[in-house]
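Structural overview
What follows is the residue order along each chain.
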Amino acid sequence: KLKYIAENLDSLKIGLDETFKFNCTMCGKCCIDREDILLKPKDLFIACKELSMKPYDFIQKYCECYVGDSSRLPILRLKPVGQNKRCPMLRGSRCAIHNAKPEVCAMFPIGRCMTIDKDNVGDSKAMSGIIYINQKVNCGDKKATHTVREWLSKFNIPVDDEYFIEWHKVISSISLDIHELEMYTPEKIKDLMYNNLFAFLYVDYDLDKDFMKQFKLNAEKATGMVKYIRKVAEDVKKELNGGKS
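For clarity, every value in this text was computed on a predicted model and none was experimentally measured.

1. A closer look at the environment of Lys85
Following the sequence through the fold, Lys85 ends up in the loop between strand S3 (74-78) and strand S4 (90-91). Taking the C-alpha atoms as reference points, Lys85 and Cys31, separated by 54 residues in sequence, lie 8.6 Å from one another. Not counting chain neighbours up to four residues away, the residues in contact with Lys85 comprise Cys31, Ile32, Asp33, Arg34, Glu35 and Pro80.

Structure (structure tokens):
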């Protein structure tokens, strides 16, 4: 599904004030055959608060983590269950965390993404703005008409979402550095880096404190660590090459 969206992005785009037709009939079909429910740190934080679970315990019970093929970042997703690959949060035809469901589920069938100029990663001017997409669905019906703006408002998702933008800045910057250092960094160092990245980005949160403040601090730790490892690796490489880069 994610590959299809990436390959057909232009045809799926929809403007904030354009309309689409969708009415949820609570059939639960949108929660079946799902291997693409990726969690951002905020999704995990909100779900854990809803279930009174620590992030690590939630991850152990409901998720799986892997390193993205292209991003080379730790990716967290809800682990599909059974032959029909249903979301582990599905209870009958209802979501067990309906009031705290992941952003990708709350916005369904609308999705959003960003493109970033790789030559200016970390610069606000490199952000193209949020792109909205209208996904093809096989559930619900078309008895209701909405604009994207109204749909977002219904689920308390801001149009100018500071967190969404900051998240993409962080992962873009880290991904770029990792691609540079992976080629000449020992496996043990890479394993340590990935473990720490995962902890900083997803796990190290106090559920009783403000999420955004913690996220910004953790993001600084994550980017700082990767840049430090990259610098050390480059210095070692240079020394081994007799002072040449």
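2. Quick word on unusual backbone geometry
With the exception of glycine, the majority of residues adopt a negative phi angle, and the majority of peptide bonds are in the trans configuration. Backbone torsion omega between Phe108 and Pro109 reads 10 degrees, so that peptide bond is classified as cis. With respect to the helices and strands, Pro109 occurs in the loop between helix H5 (103-106) and strand S6 (110-116). Located in the positive-phi region is Lys85, a residue other than glycine, with phi close to 50 degrees. With a phi angle near 55 degrees, Asn156 is a residue other than glycine that sits in the positive phi range. Checked against the element boundaries, Asn156 lands in the loop between helix H6 (148-154) and helix H7 (162-181).

3. Side note on the nonpolar core
Ranked by size, the top nonpolar core spans 44 residues in total, and within it Phe58, Leu78, Met193, Leu197 and Phe215 carry the most contacts. Residue contacts for Phe215: discarding those within four places in its chain leaves Tyr163, Glu166, Trp167, Val170 and Tyr205. Formed by 13 residues, the second largest nonpolar core is a distinct cluster that contains Ile14, Phe20, Leu152 and Ile157.

4. Digging into the pattern of salt bridges
This structure, assessed with the given rule, holds 14 salt bridges. Close ionic contact of Glu166 with Lys169 constitutes a salt bridge, the shortest N to O distance being 3.7 Å. Of the two residues, Glu166 and Lys169 are both situated in helix H7; the distance of three residues between them amounts to about one turn of the helix. The exposure class of Glu166 is partly exposed, given its relative accessible area of 24%. Residue class for Lys169 comes out buried when judged on its relative accessible area of 17%. Among the charged side chains, a network of salt bridges with common partners joins Lys40, Glu103, Arg112 and Asp161.

5. Here's the deal with the packing of H7 against helix H8 (residues 187-203)
Contact pair H7 / H8: the axes reach a minimum separation of 14 Å and the direction vectors enclose 175 degrees. Comparing their axes, H8 and H7 come out roughly antiparallel. Across the interface between the two elements, Trp167, Val170, Ile174, Ile178 and Leu181 of H7 pack against Met193, Tyr194, Leu197, Leu201 and Tyr202 of H8. Each residue belonging to the contact of H7 with H8 can be placed in one class, and the counts come to ten nonpolar, no polar and no charged.

6. Details of the packing of H7 against helix H9 (residues 211-240)
The description of two packed helices rests on the angle between their axes and on the distance between the axes. Axis separation between H7 and H9 bottoms out at 9 Å; the angle between their running directions is 15 degrees. Relative to H9, the element H7 lies roughly parallel. Where H7 crosses over H9, the handedness of that crossing is left-handed. On the side of H7, the interface is formed by Glu162, Tyr163, Glu166, Trp167, Val170, Ser173, Ile174, Asp177, Ile178, Glu180 and Leu181, while H9 contributes Phe211, Met212, Phe215, Lys216, Ala219, Ala222, Thr223, Val226, Lys227, Ile229 and Arg230.

Calculation notes
The written sequence of each chain sets the order in which its residues are numbered from 1. Local features in this predicted model are restricted to residues of pLDDT 70 or higher, and side-chain atom pairs are both shown and tallied only at a pLDDT of 80 or more, whereas totals for entire chains, interfaces and linings draw on every residue. With hydrogens and water stripped out, all remaining heavy atoms of the structure feed into the side-chain values. Segments assigned H or I by DSSP are reported as helices when at least four residues long, segments assigned E as strands when at least two residues long, and all are numbered from the N terminus. Between two residues, a contact is recorded if the distance between any of their heavy atoms is within 4.5 Å. Throughout, nonpolar core names a set of buried Ala, Val, Leu, Ile, Met, Phe, Trp, Tyr and Cys residues whose side chains join them through atoms within 4.5 Å. Accessible area is worked out with a 1.4 Å probe on protein chains only. A residue is then buried under 20% of its type maximum, exposed over 50%, and partly exposed in between. Should a side-chain nitrogen of Lys or Arg be within 4 Å of a carboxyl oxygen of Asp or Glu, the pair is scored as a salt bridge. Lines fitted to C-alpha atoms define the axes, with helix axes restricted to the stretch in contact, and inter-axis angles between N-to-C directions lie between 0 and 180 degrees. Roughly parallel covers angles under 35 degrees, roughly antiparallel covers those over 145, roughly perpendicular covers 65 to 115, and oblique covers all other angles. Each residue receives one of three labels: charged for Asp, Glu, Lys and Arg, nonpolar for Ala, Val, Leu, Ile, Met, Phe, Trp, Tyr, Cys and Pro, and polar for the others, Gly being one of them. Two helices that cross are described as forming a left-handed crossing if the nearer one is turned anticlockwise from the farther one by less than a right angle, and a right-handed crossing if clockwise.

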